[in-house]
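# Residue-level structure breakdown
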Amino acid sequence: MENLNLISNFAEFKELKNIDKATMIGVLEDVFRHALQKQFESDENFDVIINPEKGDLEIWRNREVVEDGAVENPNTQISVSEVKAIDDTYEVGDEYADQIKMNQFGRRAVLSLRQNLASRLLDLEKANIYEKYSQKVGEIITGEIYQVWKREVLILDDEDNELVLPKSEQIPNDFYRKGDTIKAIIKSVEMVNNQPRIILSRTASQFLERLFEQEVPEIYDGLITIKKIVRIPGERAKVAVESYDERIDPVGACVGVKGSRIYSIVKELRNENIDVVNYTTNTKLLIQRSLNPAKISTITLDEERKTASVYLKPDQVSLAIGKGGLNIKLSKMLTDYDIDVYREIEEEDVALAEFSDEIESWIIDALKAAGCDTAKSVLELPVEEIASRADLELEQAEKVVEILKAEFEEEE
């Protein structure tokens, strides 16, 4: 068939993403048959022959040869005299096939056909992309940063499909430059204004889980199971793991020799600290492990309220709480227990609760939340730090120190 001015040797279609050859041929035939119906009222007597390998697309019309003057429908019948002028071997009752040229459609019909074809293929491609990525939700993908905006980053996969990493799914310490390669997990796929929108995430706990699967063969093979992951992206994470093989140390396997396995994960997450915890159904032991590196003296549980009172030596309290309270916050998330930390009261020390008649209860609670539950634990800190930790005014902190000091001066 002559050049249709629609495609050039089907090169366009060979470049189309996510559309297989059989589907492409089906769409082409459907579009051309639709054009035939509009032009000739019916497409039943037409053969549409498509060969994408050679770049051929031919349309043939089959008509019955009838007596002169007996033509009722010129689209399905042709007179014997007309056909003999072309080929004198035809007789009445034979079937004559003639090729339909593109110029027989007319300029407007060709334009409509082209638009219809482009629209159908675009819709098909969108649907295929949506289906493809819907099946990949929860998997890690590597892409190239194409554009960096204030609210999101546009990423291209290896087929130049557009993926979006919103600001809310970015690790705070991430820095993006066009052309850089980035890893993320496919969080969700949705259709927005008939466009597939593929949302990525680097803050999801599942992203960390997939990274462990990539770096730790025992997890990928199912010998070690990740029971739970809690994260404060870019800051710290805790991962509870369990081994079904007594010969395998789950924590050691995840960390690797000299931290080799955990290092690549930490690097990918912009130096996010990762604590790997040996999972246990023993709640006290799990709380103890989750508060590592702090050494716990005793733990008292209230299973109904899901609370735990943890007692430590004074020098261990800050370790249990961690920088910015991250360690105890993640421990609460990991164990599903509300954990309260208390210092073991030394003989000469006094619990803050004893000062409830002189210090307002909300201030005592704030000091306890900051890891100071005894008079001496407060007095060990500078006034400025007391005010900062408990979110007090400097004058309030000074007043608290004055009351506590007075207690020990009276004893002396």
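Details of the structure are given in the entry above.
Here's a quick rundown of the structure. (Residues numbered from 1 in each chain as written. Predicted model: local features only at pLDDT ≥ 70, side-chain atom pairs only at ≥ 80, totals over all residues. Heavy atoms only, no water.)

## Quick word on the sheet that holds strand 11 (residues 236-243)
On the basis of which strands lie adjacent, the open sheet formed by three strands has the order 10-11-12 and mixed pairing. Each edge of the sheet is formed by a strand with only one pairing partner; in this case those strands are strand 10 (224-232) and strand 12 (273-278). Taken pair by pair, the neighbouring strands of this sheet meet at an average axis angle of 20°, ignoring direction. Bridging between strand 10 and strand 11 involves eight bridges; their strand directions are antiparallel. Within strand 11, the position partnered with isoleucine 226 by the bridge is valine 241. Relative to the sheet, helix 11 (residues 326-335) contacts strand 10, strand 11 and strand 12, its axis offset from that of strand 10 by approximately 135°. (Pairing = 2+ DSSP bridges. Helix = DSSP H or I, 4+ residues; strand = E, 2+ residues; numbered from the N terminus. Axes fitted to C-alpha atoms, helices over the stretch in contact; angles between N-to-C directions. Contact = heavy atoms within 4.5 Å.)

## What about helix 10 (residues 314-321)?
Along helix 10, the residues that are buried comprise Gln316, Val317, Ala320 and Ile321. Along the axis of helix 10, the buried positions cluster into a sector of 135°, meaning they face one direction only. Against strand 14 (307-312), helix 11 and strand 15 (338-343) lie the buried residues of helix 10. Where helix 10 ends, the next residue or the one after it, glycine 322, has phi of about 80°, a positive value. (Buried < 20%, exposed > 50% of the residue type's maximum accessible area, 1.4 Å probe, protein only. Arc of directions from axis to C-beta.)

## Side note on the nonpolar core
Residues Leu208, Phe212, Val239, Leu269 and Ile274 are the most contacted members of the largest nonpolar core, which totals 24 residues. Broken down by element, the residue count for this core peaks at four residues, all from helix 5 (residues 205-215). Setting aside chain neighbours within four positions, we find phenylalanine 212 in contact with Ile219, Ile226, Val239, Cys254, Ile262, Ile265, Ile274 and Val276. Of all hydrophobic cores here, the second largest spans 22 residues; its members include Leu352, Ala397, Val400 and Phe408. (Core = buried A, V, L, I, M, F, W, Y, C linked by side-chain atoms within 4.5 Å.)

## Describing a negative patch on the surface
The grouping of Glu384, Asp391, Glu393, Glu395 and Glu398 at the surface amounts to a negative patch. Residue classification places aspartate 391 among the exposed positions, given a relative accessible area of 66%. (Patch = residues over 30% accessible without salt bridge, like charges linked within 9 Å, V, L, I, M, F, W, Y side chains within 5 Å. Areas by Shrake-Rupley, 256 points an atom, 1.4 Å probe, with all protein chains shown as cover. Salt bridge = Lys/Arg side-chain N within 4 Å of Asp/Glu carboxyl O. Lys, Arg positive; Asp, Glu negative; His and termini not counted. Charge placed at Lys NZ, Arg CZ, Asp CG, Glu CD.)

## Regarding the packing of helix 10 against helix 11
Think of two packed helices as two axes; the pair is described by the angle between the axes and how far apart they sit. For the pair helix 10 and helix 11, the least separation of the axes is 5 Å and the interaxial angle reads 65°. The orientation of helix 10 with respect to helix 11, classified from their angle, is roughly perpendicular. Along the contact surface, helix 10 presents Leu319, Ala320 and Ile321, while helix 11 presents Leu326, Asn327 and Ile328. A per-class count over the contact of helix 10 with helix 11 returns five nonpolar, one polar and no charged. (Parallel < 35°, antiparallel > 145°, perpendicular 65-115°, else oblique. Nonpolar A, V, L, I, M, F, W, Y, C, P; charged D, E, K, R; others polar.)

## Details of the pattern of salt bridges
One pass over the structure, following the stated rule, counts 23 salt bridges. Across the pair arginine 197 and glutamate 152 runs a salt bridge whose closest N-O atoms are separated by 3.0 Å. Taken together, the residues span a long stretch of sequence, with arginine 197 in strand 9 (residues 195-201) and glutamate 152 in strand 6 (residues 152-156) at a distance of 45 residues. Salt-bridge contacts for glutamate 218 lead to arginine 261; the nearest nitrogen and oxygen are separated by 3.0 Å. Of the two residues, glutamate 218 sits in helix 6 (residues 217-220) while arginine 261 sits in helix 8 (residues 260-268), which places them 43 residues apart along the sequence. Its relative accessible area of 23% is what places arginine 261 among the partly exposed residues. Linked through salt bridges whose partners overlap, the residues forming this network are Asp174, Arg202, Glu268 and Arg270.

## Focus: the side chain of arginine 343
Secondary-structure assignment places arginine 343 in strand 15. From its side chain, arginine 343 meets the backbone oxygen of glycine 371 in a polar contact 3.2 Å long. Discounting chain neighbours no more than four positions away, the residues touching arginine 343 are Tyr311, Leu312, Pro314, Val317, Gly371, Cys372, Asp373, Thr374, Ser377 and Glu380. (Polar contact = N/O pair within 3.5 Å; in protein donor to acceptor, adjacent residues only side chain to side chain.)

## Details of the sheet that holds strand 13 (residues 296-302)
Pairing is mixed across the open sheet formed by three strands, whose spatial order is 13-14-15. Whereas interior strands pair on both sides, the edge strands pair on one side only; in this sheet they are strand 13 and strand 15. Geometrically, the sheet is characterised by an average inter-axis angle of 20° between neighbouring strands, direction not taken into account. Looking at chain direction, strand 14 and strand 15 are connected through six bridges and run parallel. The residue bridging leucine 312 from the neighbouring strand is arginine 343, located in strand 15.

## Looking at the pairing of strand 14
Burial along strand 14 is one-sided: the face carrying Ala308, Val310 and Leu312 is buried and the face carrying Thr307, Ser309 and Tyr311 is not. Pairing between strand 13 and strand 14: six bridges, direction antiparallel. Paired with isoleucine 296 across the two strands is leucine 312, which belongs to strand 14. In sequence, strand 13 turns back onto strand 14 through a hairpin of four residues, with lysine 306 there showing a positive phi of about 55°.

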